[in-house]
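Listed below are the residues making up each chain.
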Amino acid sequence: MIFMILVLASIIAVFLAGTVCGIFAMVVIGIHAEERRAVRRGNGPSRTGLASRRLLTTRTNCDELPERERVTAGR
């Protein structure tokens, strides 16, 4: 009984690890394709490039504020 539970847990762990690796690979492929496309002029971003940019964006709500309402870092 406990052996079956361990086998099932192992199968689930392998499936989840494969899923995570697949998603990571798709992000890397999207970034690489976007970099190649950026080198060539005249081509717009692809679906994969748009998806990776949307996933990795660092925009926050304060990016939407007008320039006069933004607080700059005091350096």
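Above this text sits the structure in question.
Predicted model only: the values in this text are computed from it and were never measured.

The rules we used
- Residues numbered from 1 in each chain as written.
- Predicted model: local features only at pLDDT ≥ 70, side-chain atom pairs only at ≥ 80, totals over all residues.
- Heavy atoms only, no water.
- Helix = DSSP H or I, 4+ residues; strand = E, 2+ residues; numbered from the N terminus.
- Buried < 20%, exposed > 50% of the residue type's maximum accessible area, 1.4 Å probe, protein only.
- Areas by Shrake-Rupley, 256 points an atom, 1.4 Å probe, with all protein chains shown as cover.
- Patch = residues over 30% accessible without salt bridge, like charges linked within 9 Å, V, L, I, M, F, W, Y side chains within 5 Å.
- Salt bridge = Lys/Arg side-chain N within 4 Å of Asp/Glu carboxyl O.
- Expected span 1.5 Å × (residues − 1).

Caption draft 1: Spatial organisation of the overall build of the protein. Helix and strand counts for the protein come out as two helices and zero strands. Within the protein, the proportion of its 75 residues that are buried is 9%. If you sum the accessible surface of the protein, you get close to 7100 Å²; carbon and sulfur atoms cover 66% of it.

Caption draft 2: A nonpolar patch on the surface, seen in detail. There is a patch of nonpolar side chains on the surface, built from Ile 2, Phe 3, Met 4, Leu 6, Val 7 and Ile 11 and spanning about 680 Å² of accessible area. For Ile 11, the position within the fold is in helix H1 (residues 2-39). A relative accessible area of 52% means that Ile 11 is categorised as exposed.

Caption draft 3: Structural context of the environment of Val 28. Structurally, Val 28 is set in helix H1. Note: C-alpha distance between Val 28 and Ser 52 (24 residues apart in sequence) is 8.2 Å.

Caption draft 4: A look at H1. Its 38 residues give H1 an end-to-end C-alpha distance of 56 Å, which sits within 8% of 56 Å, the value for a rise of 1.5 Å per residue. Looking at H1, one finds that the buried residues are Val 27, Gly 30, Ala 33 and Glu 34.

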